[in-house]
Amino acid sequence: MSSEPRDLDVWEAFLDPQGEFSLPDFSAVTGPALLDAAAAACDFARAEVEAIIADEHDPTFVTTTVRLESATVPMARLSALIRTVESNHLRPELADAIAEVWARLSATETEIRLDVDLFHRIEQVSVTDLNPEDKRHQELTVDAFVRAGARLGEEDRAQMATIVAELTTLGTAFSHALQKDTRDLAVHLSTEEQLAGLSEEQIAAAASRAAERGAPGYLLPLNNFTQQLVLASVEDPETRRKVLHNSMVRGSRGGEGDTRTQVADITALRALQARLLGYSSYSAYAIDNQTAGGPDAAADIVTSLIAPANAQLSAELDAVRSRYGLDEIAREDVMHWIARYRHDEFGVDAEEVARYFEFDTVLDDGVFRAATGLYGITFAPREGIVGWHEDVRAFEVTDTNDRTLGLILLDPYSRDTKQGGAWMDQLVTSSRLTGLLPVVTLSLNLAKPGPDRPTLLSPTELTTLFHEFGHVLHGLFANSTYPSTAGTAVPRDYVEFPSQLNEMWRFHPQVLPHYARHVTTGEPMPAEMVEALIASESFGQGFATIEYLAAAMLDLSWHSLEAGEHIADVLSFESEVLAAAGFSPVVPPRYRSTYFGHIFASGYAAGYYSYLYSEVIAAWVSEWFEDQGGLNREAGEAFREAILAPGHSVDPMSAIEKFFGTRPDVAPLLRRRGLAEPVAADDGEESADPAGPADPAGSAGSAGSAVGADHAGSAGPAVDPAAGAPESTADSAGTSSVRGPRAHPNHDAVSQVLRAHGIEPRITLFHEPATTAVAAAEKLGIDVGAIANSLIFQVAGEPVLIMTSGAHRVDTAHVAGLLGVDSLDRADKDLVKSATGQVIGGVAPCGHPQSIPTYVDVALRDYPVLWAAAGTPNSMMPLSYDELLRITAGKEITVVRENTEREQ
């Protein structure tokens with residue numbers, strides 16, 4: 001069955017059916033043409049849905065689920081086109097039409113997802129004879145309908161449709177208002193003296209931007225984030241003050257560029273949407289199907305790094321004040337003094353370093369070369385491809401077998417019609433269903449140099465380029481049957497992993513010497529400069545991490561609101577959340593609420609923590625690649641096939657575990673960021689009675705689109721859950737309260753069971769998670785065999801708890817025989833959470849919502865004191881073997897046959 005729209009001549013306005021890459025015709029993009037295309041795509045989808053419902057035969061996977069996937073391909077392709085135009089070159093005459101198209105596409109998608117007759121047929125599709133990818137696609141399709149509200153009653157479905165439509169309108173309004181205010185707040189300067197400290201190229205670019213607007217002097221456009229890159233170099237304090245002020249007031253000045261109403265209404269509507277679907281908050285809804293598993297785990301991720309990052313920041317600021325005799329450092333000056341310290345302490349001159357990072361050389365001999373060395377693919381300019389703007393360049397990508405793999409459209413320079421930041425998108429998604437080759441876009445916001453001047457990259461821009469290219473590779477390598485699971489269509493808290501991993505090559509000794517050459521002389525970067533640059537990377541990581549954590553905290557706090565809460569005073573709510581968590585005003589969040597486009601316009605709602613979560617995997621895998629010898633083609637191709645190519649057609653974390661044999665841990669992340677592992681008295685542990693009151697001084701926290709870079713320092717923010725789940729709540733007046741980790745309800749539930757059996761709870765809390773037996777044993781300084789692992793398995797869909805020694809891996813065939821069942825399978829995260837109320841890595845032997853049949857490994861009898869998880873990944877508790885049997889009512893078994901013991 002064809003996935004292309006049938007009898008839709010209007011589609012010819014955008015797609016050349018004979019084109020090798022099925023590229024849109026950007027010259028045909030006008031307001032009326034967009035509206036006609038939207039009508040055609042939506043009508044086609046509706047007609048196909050009607051045909052699916054009217055089919056008198058029993059529903060099958062092909063005639064129902066696959067046909068629905070095909071029916072929505074034109075809408076998905078039009079969405080990709082709109083995203084590309086809107087984010088890269090939003091001409092004023094297109095704004096209204098684009099808003100209307102988004103409304104139509106959203107309404108049609110909602111109509112389809114809430115169609116109970118269609119959902120009934122989809123639910124009837126049997127998965128018995130499906131291959132693993134098709135079975136997964138069927139399950140994901142059902143889940144998507146459920147999460148959209150297909151199981152709601154008629155009245156609630158109608159309300160859901162209204163909410164989704166309003167959210168679409170608000171999100172578009174937020175995006176357009178922010179783009180306008182960001183443009184209007186570009187800093188206009190009249191004299192070159194005000195730009196002292198910037199390079200000749202930067203000053204020329206500022207003059208060019210002013211000339212583009214027909215203004216005299218110089219113009220400094222604003223980046224997406226709070227800290228503007230020029231703050232590191234500009235010497236004039238008043239210029240720095242003006243730059244940071246303009247950056248921070250975006251969206252809050254009143255008028256057409258004010259976004260506060262959208263922020264308040266979006267968060268209130270999302271909370272209501274979540275309640276309709278049975279969730280306590282939007283964060284609970286949004287994170288439920290992510291790899292983190294829930295908002296508690298996400299909040300744990302954020303809070304786990306606050307203490308070490310604060311300590312690092314304090315040390316950095318102390319070093320700056322001491323070196324330069326400063327009493328205080330204004331927030332607009334922090335980046336300047338950090339850069340000054342790097343220059344004086346490490347000998348890193350930012351302007352001189354940039355002269356070794358010429359953009360085209362970095363791209364060809366760095367980014368492309370690394371991908372060739374690791375994956376064998378090659379890149380060549382492709383002539384005759386016309387993009388959305390004259391700056392767009394096209395590169396054809398060829399695979400190892402000389403087969404065309406796909407196309408990259410690169411848009412490097414900033415402009416007034418372009419959103420800030422950097423991102424990758426899938427303009428044409430590759431899949432076996434459509435037979436299309438991938439076309440990926442790579443958008444940066446580099447300052448366009450004056451005539452005959454080179455484009456030089458700062459270290460931050462260098463990192464961003466390598467980061468975004470990791471997304472590009474993920475999209476190019478897509479090898480899925482269905483476009484909705486192809487390439488970067490993976491969970492939000494996993495999608496940043498390939499991009500953060502690709503950052504490892506920017507300073508790698510097998511890559512950097514090939515591109516780090518002086519723009520004038522062609523001489524390679526001196527070894528001492530390379531060493532100084534790498535050494536300087538760790539200084540400022542406390543600052544970069546704190547500004548990221550503050551933004552992630554805001555995201556989780558906004559999306560922890562309950563239905564009925566509407567925060568009228570957006571900036572007061574923001575201030576209260578940050579103050580309650582202990583963030584200093586000297587380091588503003590990476591994004592303030594009013595210009596937090598990630599969460600209010602770009603699909604990262606309740607997901608900004610994902611950069612932090614993904615980086616633990618990236619840091620861990622980067623060390624694995626080093627162990628393989630760096631640019632190892634065999635390792636790269638195996639990694640591509642097992643991890644990058646499948647997209648969401650397999651469970652991402654299951655693929656990680658299968659390929660590497662284990663789950664990544666946090667240690668490589670701490671090494672990457674230069675953060676010492678946090679310690680307190682008695683080797684970094686805190687002991688507390690979790691039934692006691694919350695400690696107000698404890699660490700506090702809160703409970704298909706483009707993917708983008710997010711870098712404040714040299715390495716973009718990211719792990720497994722850590723300190724106990726703090727929660728943030730707010731009333732309708734905008735006040736907030738935050739409670740620390742000792743009040744975690746899972747600890748309370750475990751303590752109640754212990755006390756009921758005459759056991760006094762002694763729960764130890766760690767600042768970092770211990771999600772494996774080895775990690776827990778190392779933290780406690782004990783033999784790994786004394787760790788009592790709580791492992792949830794399933795028998796015919798029902799949970800079974802097996803308590804096993806950390807020195808053993810369960811022989812499932814052996815245990816299934818002992819239990820008299822056909823098979824024993826590891827439970828997925830959803831079954832673990834529903835059965836225990838806890839997350840993988842933190843499952844306790846007790847404190848569950850209902851009793852679970854439990855079996856206890858007799859090997860645990862060999863240890864007088866056992867240690868088991870206490871309900872969260874950062875908590876452990878001591879028990880005797882007899883106490884473990886009592887609280888679980890467990891039956892003793894052997895979990896391995898003789899002579900088959902293996903270390904876990």
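Residues numbered from 1 in each chain as written. Predicted model: local features only at pLDDT ≥ 70, side-chain atom pairs only at ≥ 80, totals over all residues. Heavy atoms only, no water.

### As for the overall build of the protein
Within the protein, the regular secondary structure consists of 33 helices and 19 strands. Here the protein holds 904 residues, and 60% of them are scored as buried. A total of about 34000 Å² of accessible surface is found on the protein, and carbon and sulfur atoms cover 48% of it. (Helix = DSSP H or I, 4+ residues; strand = E, 2+ residues; numbered from the N terminus. Buried < 20%, exposed > 50% of the residue type's maximum accessible area, 1.4 Å probe, protein only. Areas by Shrake-Rupley, 256 points an atom, 1.4 Å probe, with all protein chains shown as cover.)

### Notes on the pattern of salt bridges
For the structure shown, the criterion picks out 42 salt bridges. The salt bridge involving Arg340 is made with Asp344; its shortest N-O contact spans 3.5 Å. Of this pair, Arg340 and Asp344 both sit in helix α14 (residues 334-346), four residues apart, roughly one helical turn. On the basis of relative accessible area, Asp344 is assigned to the partly exposed category, the value being 32%. (Salt bridge = Lys/Arg side-chain N within 4 Å of Asp/Glu carboxyl O.)

### So, the environment of Leu442
Following the sequence through the fold, Leu442 ends up in strand β7 (residues 439-446). Of the residues examined, Leu442 reaches a relative accessible area of 1% and is grouped as buried. Remark: the alpha-carbon pair of Leu442 and Asp425, spanning 17 residues in sequence, is separated by 6.9 Å. With sequence-adjacent residues up to four places away left out, Leu442 is seen in contact with Leu409, Leu410, Asp411, Trp423, Leu465, Glu468, Phe469 and Val472. (Contact = heavy atoms within 4.5 Å.)

### Side note on the packing of helix α7 (residues 154-184) against helix α10 (residues 260-276)
Axis separation between α7 and α10 bottoms out at 10 Å; the angle between their running directions is 155°. By the angle class used here, α7 and α10 are roughly antiparallel. Where α7 crosses over α10, the handedness of that crossing is left-handed. Where α7 abuts α10, its residues Asp156, Gln159, Met160, Ile163, Val164, Glu166, Leu167, Leu170, Gly171, Ala173, Phe174 and Ala177 lie against Gln262, Val263, Asp265, Ile266, Leu269, Arg270, Leu272, Gln273 and Leu276. Residues belonging to the contact of α7 with α10 are distributed by class as follows: 13 nonpolar, four polar and four charged. (Axes fitted to C-alpha atoms, helices over the stretch in contact; angles between N-to-C directions. Parallel < 35°, antiparallel > 145°, perpendicular 65-115°, else oblique. Left-handed = near helix turned anticlockwise from the far one by under 90°. Nonpolar A, V, L, I, M, F, W, Y, C, P; charged D, E, K, R; others polar.)

### Re the pairing of strand β4 (residues 393-398)
Burial analysis of β4 places five of its six residues in the buried class, which makes it a mostly covered element. The pairing of strand β3 (residues 378-381) with β4 spans four bridges and is classified as antiparallel. By the bridge assignment for β4, Thr378 is matched with Thr398. Direction of pairing for β4 relative to strand β5 (residues 404-413): antiparallel, over a ladder of six bridges. Pairing of Ala394 across the sheet is with Leu409, part of β5. (Pairing = 2+ DSSP bridges.)

### Remarks on the nonpolar core
Counting residues in each nonpolar core, the largest one holds 166 residues, and the members touching the most others are Phe357, Phe469, Phe497, Tyr515, Leu549, Phe625 and Phe639. Residue assignment places this core across two domains, with domain 2 (167-284 + 294-346 + 544-607) and domain 3 (350-538) each supplying three or more. When neighbours within four sequence positions are excluded, Tyr515 is seen to be in contact with Tyr356, Phe357, Thr361, Val362, Asp365, Gly366, Leu462, Phe466, Arg506 and Phe507. Membership of the second largest hydrophobic core comes to 41 residues, among which are Leu34, Leu78, Ile82 and Ala394. (Core = buried A, V, L, I, M, F, W, Y, C linked by side-chain atoms within 4.5 Å. Domains from an automatic or database assignment.)

### A look at unusual backbone geometry
Only a minority of non-glycine residues have a phi that is not negative, and only a minority of peptide bonds are not trans. The residue Ser22 is not glycine, and still its phi comes out positive at about 50°. When you line up the elements, Ser22 lands in the segment before α1 (31-54). Judged by its relative accessible area of 12%, Ser22 is buried. The backbone of Ala889 shows a phi angle near 55°, a positive value even though the residue is not glycine. Within the fold, Ala889 resides in the loop between α33 (881-888) and β19 (891-893).

### A word on the packing of aromatic side chains
Within this structure, the stated rule accounts for 33 aromatic pairs. Arranged with centres 5.0 Å apart and planes meeting at 40°, the rings of Tyr324 and Trp337 form a pair that is tilted. Of the two residues, Tyr324 sits in helix α13 (residues 306-324) while Trp337 sits in helix α14, which places them 13 residues apart along the sequence. Classification of Tyr324 as buried rests on a relative accessible area of 18%. The class of Trp337 is buried, set by a relative accessible area of 15%. Aromatic ring contacts, followed pair by pair, group Tyr494, Phe497, Trp505, Trp620, Trp624, Phe625, Phe639, Phe659 and Phe660 into a single cluster. Against the face of Phe145 rests Arg113, its NZ or CZ located 5.5 Å from the ring centre. For Arg590, the ring lying beneath its charged end belongs to Phe225, and the centroid distance is 4.3 Å. (Phe/Tyr/Trp six-rings, centres within 6.5 Å; stacked < 30°, edge-to-face > 60°. Lys NZ or Arg CZ within 6 Å of the ring centre and 35° of its normal.)

### Some details on the confidence of the model for the protein
On average, residues of the protein score 87 in pLDDT, and 89% of them are at 70 or above. Long-range and interchain partners of residues 676-704, a stretch whose pLDDT sits below 50, account for 69 contacts in this model, where long-range means more than four residues apart. (pLDDT = per-residue confidence, 0-100.)

### Some details on helix α31 (residues 812-819)
Each turn of an α-helix holds 3.6 residues, which means side chains three or four residues apart point in the same direction. The set of residues buried in α31 consists of His814, Val815 and Ala816. Check the buried side of α31 and you find it contacts β14 (798-805) and β19. In this structure Asp811 caps α31, since a side-chain oxygen of it lies 3.3 Å from the backbone nitrogen of Ala813. Downstream of α31 by one or two residues, Gly820 has phi in the positive range, about 75°. (Polar contact = N/O pair within 3.5 Å; in protein donor to acceptor, adjacent residues only side chain to side chain.)

### Overview of the packing of helix α4 (residues 95-113) against α7
Relative to each other, α4 and α7 sit at 155°, their axes nearing to 9 Å. Put simply, α4 runs roughly antiparallel to α7. As α4 runs across α7, the sense of the crossing is right-handed. Residues Ala95, Ala99, Trp102, Ala103, Ser106 and Thr110 of α4 form the contact with α7, whose own contacting residues are Ala161, Val164, Thr168, Thr172 and His176. Class assignment of the residues belonging to the contact of α4 with α7 gives a composition of six nonpolar, five polar and no charged.

### Observations regarding the side chain of Thr481
Here Thr481 lies in the loop between α17 (459-476) and α18 (492-502). Separated by 2.9 Å, the side chains of Thr481 and Arg432 make a polar contact. Residues contacting Thr481, with those up to four places away along its chain left out, are Glu133, Ser431, Arg432 and Leu433.

### Points about α14
Compared with an ideal rise of 1.5 Å per residue, which puts 13 residues at 18 Å, α14 spans 18 Å between its outermost C-alpha atoms and is within 8% of the ideal. Within α14 the residues assigned to the buried category are Val334, Met335, His336, Trp337, Ile338 and Tyr341. Contacts made by the buried residues of α14 are with α9 (237-248), α13 and α21 (541-558). Note on α14: the residue one or two positions beyond its end, Gly347, has a positive phi of about 75°. (Expected span 1.5 Å × (residues − 1).)

### Points about the environment of Ala39
Residue position: Ala39 is located in helix α1. Taking C-alpha positions, Ala39 is 9.6 Å from Met75, a pair spaced 36 residues apart along the chain.

### Things to note about the pairing of strand β16 (residues 854-857)
Burial along β16 is two-sided: the face carrying Thr854 and Val856 and the face carrying Tyr855 and Asp857 are both buried. In this structure, β14 lies alongside β16, joined through three bridges in parallel fashion. Bridging across to β16, Met803 finds its partner in Val856. Pairing geometry for β16 and β19, over three bridges, is parallel. Considered in β19, the bridge of Asp857 is made with Ile893.

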